[in-house]
Amino acid sequence: MSPSSINDSLGKNRIVINVLVAFLYSAYYNYIYSDYIVSLYGSSFIKMSTSIFIEYLIICTFPIVFFKGIYNLASLFSIFNYVFVYIPFMETLYTGGYGPEYNAYKIVFLIFTILFFATDNLKLLRGPFKKKGIISFRVFEIGSLVLLSALLLLNIRNLHFTNFVESKSDLYDLRSNLSIVGGSIAVYFLYWLKCAFLPCLLVYYLRKNNLVKAAIAFVSFILLFMLDQQKITFFIPFLIILLFALTKWKKKLLTNHFFALIVFALVAVSFVLNQNKDSSPILYELAAIFIMRIQCIEGMELNTYLRFFGSDGSYHPYTHYSHIGIVNSITGSYPYDMSLGHAVTYGGANANGCFWLMDGIAADGIVGCIIISVVFLFIKALFNSIGEKYDSRYCYIIFIFAVSMMMNVSIFTALLTCGLIALYLILALVDLKPLELGN
């Protein structure tokens, strides 16, 4: 059998496996949402009939046919959106009691999820990644240390290590009362450090097998957690090290089986936590963190946004993108007296959501979802050009924090605040030779 025939056979087998995994996960997601979210948080839920359930499974599963595997950076964006946004959205649209006037959302989400996967090989503006970095790694390393030290010294009184499992109320009190010394610039530096600078440094040190400096980068994440009290800041260095170890153990493990691995982790962890949540306060809190805050949050937020705006914006006015600061500074047309995340909950909570929520439904309904999906396609293609220079395996690991945060904020917040632009510039300008292709 020729190599091309072997590759074709492997590709077909991978599609079959992905379809099976997606089909089973779609069914499981419906189970965990109803058994955990609905029973504990009282979210609206209408059980699907057998025929509707089969339709739901087909609609959820079909886009994965176009997924080719994690072979470039764009596919990381696409698969995260599929697992953490698309499947939860579809489950909510089928079980939330929404009438036929909401079917347009199903169609738009289905079409663009397919397009996201189908365009994962598209690259735009490759030029910056065909040149050697003009900033030495040493300068980048020292600059990162200076920024980190300045931020921590300015906020040394705000550093608190909180056991977020046993002291949940203390964590939320500290977070709600936190005032970063240094103003908005310091807040940007905080996010850029944890989403861009430190992931690059940690992966670089691991690649160079410099365990002392890797340990320093790891501790730096913990120090930033002590400042921002965000649980994801605490967990991300563990995840980076785990993914790097898996990549070192099996070079193509993430490339070939990332989707199956992430689904296995979601199913195994959420099932165990759900079954044992009442056995101890620690497991109860971990279940809330993992199932509600990570696995099911976007489905819950879709309910929040649709019930606030309705199918056509007749309940409350769309923002027409004035929720973006620079747009509102020009138009002055933002219709609410509080941030969008607070407005959709009538001030009860901060319900930030993914780009389909904040930059889609809230901005202009169906039209907004189409517009921001096209923007997302462009952004994926732009970042995909990083693979012209760098080994995609390391890019996945470096970007996993920023991309995961992108699933729960406006796309414009993800670009600026959550460090996507910072990552782009670092990889374009800094000499990170050990992470480049062929090294």
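Residues numbered from 1 in each chain as written. Predicted model: local features only at pLDDT ≥ 70, side-chain atom pairs only at ≥ 80, totals over all residues. Heavy atoms only, no water.

A. Structural context of helix α9 (residues 231-249). Taking 1.5 Å of rise per residue, 19 residues should cover 27 Å, and α9 covers 28 Å from first to last C-alpha, within 8% of that figure. Regarding α9, the residues found buried are Lys231, Thr233, Phe234, Ile236, Pro237, Ile240, Leu243, Phe244 and Thr247. (Helix = DSSP H or I, 4+ residues; strand = E, 2+ residues; numbered from the N terminus. Expected span 1.5 Å × (residues − 1). Buried < 20%, exposed > 50% of the residue type's maximum accessible area, 1.4 Å probe, protein only.)

B. Just a nonpolar patch on the surface, in detail. On the surface, a nonpolar cluster with roughly 450 Å² of combined accessible area is contributed by Ile134, Leu416, Ile421, Leu425 and Leu429. When residues of the nonpolar patch are assigned to their parent elements, the largest contribution, 3 residues, is made by helix α18 (residues 420-429). In this fold, Leu425 is placed in helix α18. Residue Leu425 is classed as partly exposed on the basis of its relative accessible area, which comes to 44%. (Patch = residues over 30% accessible without salt bridge, like charges linked within 9 Å, V, L, I, M, F, W, Y side chains within 5 Å. Areas by Shrake-Rupley, 256 points an atom, 1.4 Å probe, with all protein chains shown as cover. Salt bridge = Lys/Arg side-chain N within 4 Å of Asp/Glu carboxyl O.)

C. Highlighting the confidence of the model for the protein chain. Of the residues in the protein chain, 93% have a pLDDT of 70 or more, and the chain-wide mean is 90. Low pLDDT (under 50) marks residues 1-7, which in the prediction has 1 contact with non-local residues, meaning those over four places away or in another chain. (pLDDT = per-residue confidence, 0-100. Contact = heavy atoms within 4.5 Å.)

D. Examining the packing of helix α5 (residues 137-154) against helix α7 (residues 183-207) more closely. In contact at an axis separation of 10 Å, α5 and α7 are set at 140 degrees when each is read in the N-to-C sense. The orientation of α5 relative to α7 falls into the category oblique. In the crossing of α5 with α7, the sense of the turn from one axis to the other is left-handed. Here α5 contributes Phe137, Phe140, Glu141, Ser144, Leu147, Leu148 and Leu151 to the contact with α7, which in turn contributes Ala186, Phe189, Leu190, Leu193, Phe197, Cys200, Leu201, Tyr204 and Tyr205. (Axes fitted to C-alpha atoms, helices over the stretch in contact; angles between N-to-C directions. Parallel < 35°, antiparallel > 145°, perpendicular 65-115°, else oblique. Left-handed = near helix turned anticlockwise from the far one by under 90°.)

E. Looking closely at the environment of Gly347. Here Gly347 is to be found in the loop between α14 (340-343) and α15 (355-384). A relative accessible area of 41% means that Gly347 is categorised as partly exposed. Each residue touching Gly347, except ones within four places of it in the same chain, is listed here: Met338 and His342.

F. Looking closely at the packing of aromatic side chains. If you walk through the whole model with that rule in mind, you get 50 aromatic pairs. When the centroid spacing of 4.6 Å and the interplanar angle of 40 degrees are considered together, the rings of Phe109 and Trp356 count as tilted. You can see Phe109 sitting in helix α4 (residues 103-118) and its partner Trp356 sitting in helix α15, a full 247 residues away along the chain. For the pair formed by Phe109 and Trp356, the shared burial category is buried. In this arrangement the basic side chain of Lys250 is found over the ring face of Trp249, its NZ or CZ atom lying 5.6 Å from the centre. (Phe/Tyr/Trp six-rings, centres within 6.5 Å; stacked < 30°, edge-to-face > 60°. Lys NZ or Arg CZ within 6 Å of the ring centre and 35° of its normal.)

G. Summary view of the state of the cysteines. According to the stated counting rule, one finds 0 disulfides in the structure shown. Unpaired in this structure, Cys200 has its nearest cysteine sulfur neighbour in Cys395, at a distance of 8.8 Å. A residue is classified by how much of its surface remains accessible, and Cys395, at 4% relative accessible area, is buried. (Disulfide = S-S within 2.5 Å.)

H. Region of the structure containing the environment of Ile397. For Ile397, the position within the fold is in helix α16 (residues 392-406). Residue classification places Ile397 among the buried residues on the basis of a relative accessible area of 0%. Once the C-alpha coordinates of Ile397 and Val19 are considered, the two residues, 378 residues apart in sequence, prove to be 25 Å apart. Once residues within four sequence positions are removed from consideration, Ile397 is found in contact with Val203, Ile240, Leu243, Phe244 and Thr247.

I. Representation of the nonpolar core within the structure. Ranked by internal contacts, the top residues of the largest apolar core, which has 146 residues, are Ile79, Phe259, Trp356 and Phe399. Look past the residues within four positions of Phe259 in its chain and what remains in contact with it is Asn18, Val21, Ala22, Ile64, Phe67, Ile79, Tyr82 and Val83. (Core = buried A, V, L, I, M, F, W, Y, C linked by side-chain atoms within 4.5 Å.)

J. Up close: the packing of α4 against α15. In contact at an axis separation of 10 Å, α4 and α15 are set at 10 degrees when each is read in the N-to-C sense. One element, α4, and the other, α15, form an angle in the roughly parallel class. Taking contact as the criterion, the partners of Ala104, Tyr105, Val108, Phe109, Phe112, Thr113, Leu115 and Phe116 in α4 are, on α15, Phe355, Trp356, Ile361, Gly365, Ile366, Cys369, Ile370, Ser373, Val374, Phe376, Leu377 and Lys380. In terms of residue class, the contact of α4 with α15 is built from 16 nonpolar, 3 polar and 1 charged. (Nonpolar A, V, L, I, M, F, W, Y, C, P; charged D, E, K, R; others polar.)

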